[in-house]
Amino acid sequence: MSAVIDSTPGAPPSDKPRRSERLASQGVRLGRSPAAELLRRILVTVVPPLVGIGFLLLVWQAISLNNTAFPSPAVTWAEAVKLFADPFYDKGPNDQGIGWNILASLKRVAVGFGLAALVGIPLGFIIGRFKFMAAMFNPIISLLKPVSPLAWLPIGLLVFKAANPAAIWSIFICSIWPMIVNTAVGVQRVPQDYMNVARVLNLSEWKIFTKILLPSVLPYMLTGVRLAIGTAWLVIVAAEMLTGGVGIGFWVWDEWNNLNVPHIIIAIVVIGVVGLILEQALVALARAVTYADPGH
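Let me sum up the structure you'll find in this document. Please read these numbers as outputs of a predicted model, since none were measured by experiment.

1. Observations concerning the overall build of the protein chain
What the protein chain contains, in helices and strands, is 12 helices and zero strands. Each helix (α) and strand (β) of the protein chain, taken in turn from the N terminus, gives the series α-α-α-α-α-α-α-α-α-α-α-α. The buried share among the 296 residues of the protein chain stands at 33%. Sequence separation of 24 or more characterises 65% of the internal contacts of the protein chain that already satisfy a separation of 6 or more.

2. Some thoughts on the packing of aromatic side chains
According to the stated counting rule, one finds six aromatic pairs in the structure shown. A ring pair is formed by Phe160 and Trp169, whose centres lie 6.5 Å apart and whose planes are at 50°; its orientation type is tilted. A relative accessible area of 39% places Phe160 in the partly exposed class. One aromatic cluster in this structure is built from Trp152, Phe160, Trp169 and Phe172. Lys91 extends its terminal NZ or CZ atom over the ring of Tyr89, reaching a point 5.4 Å from the ring centre.

3. Let's talk about unusual backbone geometry
Phi is positive for Asn202, which is not a glycine, with a value near 60°. The exposed category is assigned to Asn202, whose relative accessible area is 67%. One non-glycine residue, Leu259, lies in the positive phi region at around 55°. Checked against the element boundaries, Leu259 lands in the loop between helix H11 (248-257) and helix H12 (261-289).

4. Regarding the environment of Ala162
Checked against the element boundaries, Ala162 lands in the loop between helix H7 (153-160) and helix H8 (163-188). Sequence separation between Ala162 and Thr243 is 81 residues; the distance between their C-alpha atoms is 8.9 Å.

5. Digging into a nonpolar patch on the surface
A cluster of nonpolar side chains, contributed by Leu38, Ile42, Val46, Leu50, Ile53 and Leu57, occupies part of the molecular surface with about 530 Å² of accessible area. Relative to the elements of secondary structure, Leu38 occurs in helix H3 (residues 34-66).

6. Regarding H12
Taking 1.5 Å per residue as the helical rise, H12 with its 29 residues ought to reach 42 Å, and the 43 Å between its terminal C-alpha atoms agrees with that figure. Along H12, the residues classified as buried are Pro262, His263, Ile264, Ile265, Ile266, Ala267, Val270, Ile271, Val274, Leu282, Val283 and Ala286. Buried positions along H12 lie against H3, helix H4 (73-83), helix H5 (98-129), helix H10 (205-243) and H11.

7. Some remarks on the packing of H10 against H12
Viewed as axis vectors pointing N to C, H10 and H12 meet at an angle of 170°, and their least axial separation amounts to 10 Å. The angle between H10 and H12 falls in the class roughly antiparallel. Along the contact surface, H10 presents Leu218, Leu222, Val225, Arg226, Ile229, Trp233 and Val237, while H12 presents Ile271, Val274, Gly275, Leu278, Glu279, Leu282, Val283, Leu285, Ala286 and Val289. Of the residues in the contact of H10 with H12, the class split is 14 nonpolar, one polar and two charged.

Calculation rules
- Each chain has its residues counted from 1, following the order in which its sequence is written.
- Residues qualify for local features only when their pLDDT is at least 70, as the model is predicted, and side-chain atom pairs are given and counted only at 80 or more; totals for whole chains, interfaces and linings, by contrast, use all residues.
- Note that the side-chain values use all heavy atoms of the structure and ignore hydrogens as well as water.
- A run of H or I in DSSP counts as a helix once it spans at least four residues, and a run of E counts as a strand once it spans at least two, with each numbered from the N terminus.
- Whether a residue is buried, partly exposed or exposed follows from its accessible area with a 1.4 Å probe, protein chains only, as a fraction of its type maximum: under 20%, in between, or over 50%, in that order.
- Throughout, a residue-residue contact means that at least one pair of heavy atoms, one from each residue, lies within 4.5 Å.
- Working definition: a ring pair exists when centres of Phe, Tyr or Trp rings (six-membered ring for Trp) sit within 6.5 Å. Plane angles under 30 degrees give stacked, over 60 give edge-to-face, the rest tilted.
- Remark: a charge is flagged as sitting over a ring if the NZ atom of Lys or the CZ atom of Arg is within 6 Å of the ring centre and within 35 degrees of the ring normal.
- Only residues above 30% relative accessible area that lack a salt bridge enter a patch, with like-charged residues linked at up to 9 Å and the nonpolar side chains Val, Leu, Ile, Met, Phe, Trp and Tyr linked at up to 5 Å.
- Areas reported here follow the Shrake-Rupley algorithm with a probe of radius 1.4 Å; residue values treat only the protein chains shown as occluding.
- When a carboxyl oxygen of Asp or Glu is within 4 Å of a side-chain nitrogen of Lys or Arg, the pair counts as a salt bridge.
- Here the expected span of a helix is defined as 1.5 Å times the quantity of residues minus one.
- Fitted lines through C-alpha atoms serve as axes, helices being fitted only where they are in contact, and the angles separating the N-to-C directions of these axes extend from 0 to 180 degrees.
- These descriptions rest on fixed angle ranges, namely under 35 degrees for roughly parallel, over 145 for roughly antiparallel, 65 to 115 for roughly perpendicular, and the rest for oblique.
- Classification convention: Asp, Glu, Lys, Arg as charged; Ala, Val, Leu, Ile, Met, Phe, Trp, Tyr, Cys, Pro as nonpolar; all other residues, Gly among them, as polar.

Written out as structure tokens, the structure is:
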């Protein structure tokens, strides 16, 4: 009974120092050492991805055991070593190394994506800045944005009469929407106090753009750019399967016609790696040119 009474909140605190205080007075550190903290961070960062990759390889191996037409990870690795031993060979327009096909696809993406940025980002600023322009363009964007990118490919073939500009057109039309929408949303979310100050100071439209809108909208704009580059890389692979020529999409389709499944799996991995590199490059750019929000 006395033990229960002594543990009540009203009991006077004991003068005996706590264990942590006694250990600290003796020079004993209870926190992790720097080496242990570094090891913990490495384990937390490295181990989960390795476990995920190992799980994927196990599933892959199990599928290959049950389906003899599906290559195992070891067979695919051996083919990849041969393939990347000379990725830039050139034996004619229909027989080029995987390196040339990747470069051809990246070139198309760069052209289509660049044109989309030149048109979409300024248009996003205009739509976000002026209500009349927003009311004019919003129905058009809402109508065309959900259309599948490949649905635009026949229009490109009809207009341009060639496969390469038609593929670039498909990239352009699918990349422009994220840039327009995100840029316009960023402009509309600029605090009204900033615009009131600009009105009081009688700033020109150019000053408002360079001093107020651009710094505030940059995070939104780069988010749209990052979404657009992922969509562009996704579309070019599908478009090249339909248009032919040199490109990673056509290379995948050609390997399927040859029933070379290991090369198809290698191409899938390459497409994923290139897309990841493009996205991470834009994420690094966004971190370099934007400021951290102190409220988060």
